[in-house]
Amino acid sequence: MPAEAAATAAALDAPAARTGGPKDDSPWMEHLLGWTLVVVLAMFLTQTGLIAGLT
């Protein structure tokens, strides 16, 4: 068991591998695209009548 625990601890200390996704430097573009998607989806649902008015 001690060897297995040491291997697990070493794996936890290793830096995480990058998967090629976006960097975490500037999240503003992700926020902008997310809110754009929300607005476009709301417009689509409203135009198709799937969202009725609250009144």
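From a predicted model like this one, the values you see are computed outputs, not experimental measurements. (Residues numbered from 1 in each chain as written. Predicted model: local features only at pLDDT ≥ 70, side-chain atom pairs only at ≥ 80, totals over all residues. Heavy atoms only, no water.)

Q: Honestly, the overall build of the protein in this entry has me stumped. Any pointers?
A: The helix and strand inventory of the protein stands at two helices and zero strands. The buried share of the protein, reckoned over its 55 residues, is 0%. A total accessible area of about 5,400 Å² is found for the protein, and carbon and sulfur atoms account for 70% of it. (Helix = DSSP H or I, 4+ residues; strand = E, 2+ residues; numbered from the N terminus. Buried < 20%, exposed > 50% of the residue type's maximum accessible area, 1.4 Å probe, protein only. Areas by Shrake-Rupley, 256 points an atom, 1.4 Å probe, with all protein chains shown as cover.)

Q: Whenever I open this one, helix 2 (residues 28–47) confuses me. Can you help?
A: Along an α-helix, residues three or four positions apart point the same way, because every turn accommodates 3.6 residues. Look at helix 2: 28 Å from first C-alpha to last across 20 residues, which is about the 28 Å you get at 1.5 Å a residue. Glycine 49 sits one or two positions beyond helix 2 and adopts a positive phi of about 85°. (Expected span 1.5 Å × (residues − 1).)

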